[in-house]
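Commentary on secondary and tertiary structure
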Amino acid sequence: MNKVVLVTGANSGIGLALCERLLSQDTEGLQLCLACRNMRRAQAARSALLTSHPTAQVALLQMDTSSISSVISAAHEVKLRYNRLDYLYLNAGIMPNPQFDVKAFFRGLFSSNIITMFATGEGILTQKDSVTSDGLQDVFATNLFGHFLLIRELEPVLCNAGRTSQLIWTSSSNAHRSAFNLEDMQHQRGTQPYSSSKYASDLLSLALNTHYNKQGLYSSVICPGFVMTSLTYGILPSFPAFLWTLLMPIFWLIRMFTNTFTLTPYNGAEALFWLFKQKPESLDPQVKYHSLTSGLGTNYTQPCKMDIDLETSEVLYEKLLHLEKRKCISCNIT
């Protein structure tokens, strides 16, 4: 039987690179579904994939993870199309345009903190979030809650007796415990909503394993490393293109000394692709799987223990269940 794979945020960057890598391995044995907010870009992505793999089964699904109604509608469509879902890649995400400290940036270029600065934005970025039409913080809704709601809605096709399914989250090295607060899980009062949402996804993955492993559903988390994507370019929105061009040789040089600078979406998708080939029962739920690239350009995956605990993950899970119930009632969704 063909494996059914759904990828959110699949029209560009790491999501699209993953789809290309999956089809390069097995064109005939996959039913691939690209879940995207912008259907024009999704059509372009599908056309590009079919140009490389003309016989591939590539479907499109309109979904905006920041919108409750969009997620509910998309999940309903998935259940009409498929009677099972083998892999759900929770990759869609946003990072709000930050306020950028130029002086701190140039100081960091000539300091021992340069690698951390580029990988996480530490010391140079603060972010301002917005509010969705559902009354949720935008980054929280897009990166975390929309995906949580999608998983809940897709339980009938994810949890089936006699087989396993995988949830695979695209997290970040910027997922810091210090940015997250259970009493402010939407990060309404903070300045690091992206970091908070990614740490919350690490916690949620652990809780999902606690609640769903007995039903054959397993959850894992990856970090793509420092990748040049539209999300990365958005960190410095006022930077002209030629400055990025000038910085690239520096990035390639840094990669000679650190394996976290994966740089290309293809390299960044390494851990996502690696997990596709693993038995989910063998994976450690408290580990984040990192995409790494050596100075000579060799890609590999390495596990790293996450700074998370079961108690906090369980409290977050219960809070999300409560929010789901409250929001779905207010939106007249049953």
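Residues numbered from 1 in each chain as written. Predicted model: local features only at pLDDT ≥ 70, side-chain atom pairs only at ≥ 80, totals over all residues. Heavy atoms only, no water.

Moving on to the overall build of the protein. A tally of regular secondary structure across the protein gives 13 helices and ten strands. For the protein, the proportion of its 334 residues judged to be buried stands at 55%. Long-range pairs, those at least 24 residues apart, make up 74% of the contacts in the protein with a sequence separation of at least 6. (Helix = DSSP H or I, 4+ residues; strand = E, 2+ residues; numbered from the N terminus. Buried < 20%, exposed > 50% of the residue type's maximum accessible area, 1.4 Å probe, protein only. Contact = heavy atoms within 4.5 Å.)

Residues Leu253, Met256 and Phe257 make up a contiguous nonpolar surface patch of about 380 Å² in total accessible area. Checked against the element boundaries, Phe257 lands in the loop between helix H10 (241–255) and helix H11 (265–268). (Patch = residues over 30% accessible without salt bridge, like charges linked within 9 Å, V, L, I, M, F, W, Y side chains within 5 Å. Areas by Shrake-Rupley, 256 points an atom, 1.4 Å probe, with all protein chains shown as cover. Salt bridge = Lys/Arg side-chain N within 4 Å of Asp/Glu carboxyl O.)

For strand E9 (residues 287–293), the buried fraction is high: seven of the seven residues fall into the buried class. Burial along E9 is two-sided: the face carrying Val287, Tyr289, Ser291 and Thr293 and the face carrying Lys288, His290 and Leu292 are both buried. Bridge count between E9 and strand E10 (residues 299–305): seven bridges; the pairing is antiparallel. Opposite Thr293, over in E10, you have Asn299 as the bridge partner. As consecutive antiparallel partners, E9 and E10 are separated by five residues, and within that stretch Gly297 has a phi angle of approximately 90 degrees, a positive value. (Pairing = 2+ DSSP bridges.)

With that settled, the discussion passes to the nonpolar core. If you look at the biggest cluster of nonpolar residues, it comprises 51 residues, and the most contacted ones within it are Leu88, Leu154, Leu158, Leu167, Trp169, Leu204 and Leu320. Among the nonpolar cores identified, the runner-up in size contains 33 residues, and Ile14, Ala17, Ala45 and Tyr87 belong to it. (Core = buried A, V, L, I, M, F, W, Y, C linked by side-chain atoms within 4.5 Å.)

Moving on to the sheet that holds E10. Through backbone hydrogen bonds, the strands of a sheet pair up, either in parallel or in antiparallel fashion. With mixed pairing, eight strands are arranged side by side in an open sheet as E3-E2-E1-E4-E7-E8-E9-E10. Both edges of this open sheet fall to strand E3 (57–62) and E10, since each of them pairs with a single strand only. When strand polarity is set aside, the average angle formed by the axes of neighbouring strands in this sheet is 25 degrees. Relative to E9, strand E8 (residues 217–223) is paired through three bridges, and the arrangement is parallel. For Cys223, the partnering residue across the bridge sits in E9 and is His290. Against the sheet, helix H1 (residues 13–25) contacts strand E1 (3–8), strand E2 (30–36), E3 and strand E4 (87–90), and its axis sits at roughly 170 degrees relative to E2. (Axes fitted to C-alpha atoms, helices over the stretch in contact; angles between N-to-C directions.)

Looking now at the environment of Cys223. Here Cys223 lies in strand E8. For the pair Cys223 and Leu292, spaced 69 residues apart in sequence, the C-alpha to C-alpha distance is 9.0 Å. Among all residues touching Cys223, those that are not within four sequence positions of it are Ser171, Ser172, Ser173, Lys288, Tyr289, His290 and Ser291.

This part is about H1. With 13 residues, H1 ought to run about 18 Å at 1.5 Å a step, and its terminal C-alpha atoms sit 19 Å apart, in line with that. Along H1, the residues that are buried comprise Ile14, Gly15, Ala17, Leu18, Cys19, Arg21, Leu22 and Leu23. (Expected span 1.5 Å × (residues − 1).)

Time to look at the pairing of E3. The pairing of E2 with E3 spans six bridges and is classified as parallel. For Ala35, the partnering residue across the bridge sits in E3 and is Leu61.

Here we come to the packing of aromatic side chains. Across all of its chains, the model carries eight aromatic pairs by this definition. An angle of 15 degrees between the planes, with centres 5.9 Å apart, marks the rings of Phe140 and Phe145 as stacked. The pair Phe140 / Phe145 is uniform in exposure class, with both members buried. Aromatic side chains Trp274 and Tyr289 sit 5.4 Å apart centroid to centroid with 35 degrees between the ring planes, which places their arrangement in the tilted category. Taken together, the positions of Trp274 in helix H12 (residues 270–276) and Tyr289 in strand E9 put the pair 15 residues apart, joining distant regions of the chain. Among the residues examined, Trp274 registers a relative accessible area of 26% and is labelled partly exposed. (Phe/Tyr/Trp six-rings, centres within 6.5 Å; stacked < 30°, edge-to-face > 60°.)

We now examine the packing of H1 against helix H2 (residues 39–52). Running from N to C, H1 and H2 point in directions that differ by 25 degrees, and their axes come no closer than 11 Å. Considered as vectors, H1 and H2 are oriented roughly parallel to each other. Judged by the twist between their axes, the crossing of H1 over H2 is right-handed. In this structure, H1 contributes Leu16, Cys19, Glu20 and Leu23 to the contact, and H2 contributes Ala45, Leu49 and Ser52. (Parallel < 35°, antiparallel > 145°, perpendicular 65-115°, else oblique. Left-handed = near helix turned anticlockwise from the far one by under 90°.)

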